[in-house]
Amino acid sequence: MTTPQVVVHRDKELMAQAAAARLITKVVDAQAARGTASVVLTGGRNGNALLAALAAAPARDAVDWSRLDLWWGDERYLPAEDPERNVTQARAALLDAVPLDPARVHAMPASDGPYGPDVDAAAAAYAAELARAATPEDHGPVPCFDVLMLGVGPDTHVASLFPEHPAVRETERTVVGVHGAPKPPPTRVSLTLPTIRAAREVWLLAAGEDKAGAVAIALGGAGEVQAPAAAAYGRTRTLWLLDRAAAAKLPTAMYPPALS
Ligand SMILES: O=C1O[C@H](COP(=O)(O)O)[C@@H](O)[C@H](O)[C@H]1O
């Protein structure tokens, strides 16, 4: 387990821009080192804001978009073009504006796709896709993603792993179907905690006062079943990217002051 590092930005706009800049650097460095890069995207307000900031950043042209694999941490199990799907929102924010290789855009299945209403079959198919992408160097059933991003919900959920829900207890499967999620829509697909922890770096994003309680609980030593965000960490780095409002209930000793 890597010790969480906390970075607090002045507001959510600056946080999104700084996180986008950080992601560009990370992807460029990974491509220089290994030829390709892999990033797991998150849905939600902060994930989408980061993608929009990335789309607006001139430095986005430093990324070789054709050598980037994109995965998702979770998906709302809805029809393919539904505006509430995380992939639909990511396409609008960034993906339609950059020259990605479509074969490297690994969207999670949709409810009007080959698995129909069977979300567990859809989850198994995504697990198989991850397994095909894993190499011997990954030493496991999923790739060692360069960066895996997670929005933190006001209830401490990450991906579609909700407090006290069966999916958060999963230790064997890499991807699960989620039934009866407390946040709509109730049916979802999610990476599990072991898959999240396979990433080199895990970045947790939270902005706004409605996230302050969740941030304080997760970083205050809560258990993973009660606070899934507390259990999301990367192999080499776990980074919490916050704005001041989301950090408001943290002891200030946990982070250096924001520069601006
Ligand atoms: O439903 C979801 O919510 C979370 C958090 O979203 P936010 O808008 O409260 O930041 C998100 O991380 C997840 O991917 C998404 O499916």
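Starting from 1, residues in each chain are numbered consecutively following that chain's sequence as written. With pLDDT at 70 or above as the cut-off, local features in this predicted model cover only qualifying residues; side-chain atom pairs require 80 or more to be listed or tallied, and sums for whole chains, interfaces and linings still use all residues.

## Observations concerning the UniProt feature "domain: Glucosamine/galactosamine-6-phosphate isomerase" (unreviewed entry) in the protein chain
In step 1: UniProt positions are given in the numbering used here, feature names are shortened, and annotations may be inferred rather than shown by experiment. UniProt tags residues 11–240 as "domain: Glucosamine/galactosamine-6-phosphate isomerase" (unreviewed entry).
In step 2: Each helix is a run of H or I in the DSSP string that is no shorter than four residues. Each strand is a run of E no shorter than two, and both are numbered from the N terminus. Taken end to end, residues 11–240 is 30% helix and 16% strand, and its two terminal C-alpha atoms sit 14 Å from one another.

## Structural notes on the nonpolar core
In step 1: To form a nonpolar core, buried Ala, Val, Leu, Ile, Met, Phe, Trp, Tyr and Cys residues must be joined through C-beta atoms within 7 Å. Burial is judged by counting other C-beta atoms within 10 Å of a residue's own C-beta: 20 or more means buried, 12 or fewer means exposed, and anything between counts as partly exposed, with every C-beta placed from the backbone. Membership of the largest hydrophobic core comes to 82 residues, with the highest contact counts inside it found for Leu-150, Val-152, Leu-204, Leu-205, Val-215 and Leu-242.
In step 2: Top element by residues in this core is helix α1 (residues 12–34). It accounts for seven residues.

## Section: the confidence of the model for the protein chain
In step 1: When the pLDDT values of the protein chain are averaged, the result is 97; 98% of them are 70 or greater.
In step 2: Across the interface, the model reports ipTM at 0.97; the global pTM reads 0.97. On a range of 0 to 100, pLDDT expresses the predictor's confidence in each residue.

## Some words on the site of the ligand
In step 1: In the vicinity of the ligand there are 15 residues, among which Gly-43, Gly-44, Arg-45, Gly-151 and Gly-153 approach most closely.
In step 2: Within the residue set of the shell around the ligand, elements represented by two or more residues are α2 (44–56), β4 (74–76) and β5 (147–151).
In step 3: A per-element tally of the shell around the ligand places α2 first, with three residues.
In step 4: Counted by class, the shell around the ligand contains two nonpolar, nine polar and four charged residues. Nearness rests on one distance test: the residue's C-beta atom, set from the backbone, must lie within 6 Å of the molecule or strand. For this classification, the nonpolar set comprises Ala, Val, Leu, Ile, Met, Phe, Trp, Tyr, Cys and Pro, the charged set comprises Asp, Glu, Lys and Arg, and every other residue, Gly included, is treated as polar.

## A few points about the packing of α1 against α2
In step 1: Closest axis-to-axis distance for the α1/α2 pair is 8 Å, and the angle between their directions is 65°. Taken together, the axes of α1 and α2 are roughly perpendicular relative to one another. Like other packed secondary-structure pairs, α1 and α2 cross with a definite hand, here right-handed. Each of Lys-12, Ala-16, Gln-17, Ala-19, Ala-20, Leu-23 and Ile-24 in α1 lies in contact with α2, whose residues at this interface are Ala-49, Leu-50, Ala-53 and Leu-54.
In step 2: Of the residues that constitute the contact of α1 with α2, the class distribution is nine nonpolar, one polar and one charged. Angles shown run from 0 to 180 degrees and are taken between the N-to-C directions of axes, each axis being a line fitted to C-alpha atoms and, for helices, limited to the stretch in contact. Roughly parallel refers to an angle under 35 degrees, roughly antiparallel to one over 145, roughly perpendicular to one between 65 and 115, and oblique to any angle outside these ranges. Two helices crossing with the near one rotated counterclockwise from the far one by less than a right angle form a left-handed crossing, whereas a clockwise rotation gives a right-handed crossing. Our contact criterion uses C-beta atoms placed from the backbone: two residues qualify when those atoms are within 7 Å.

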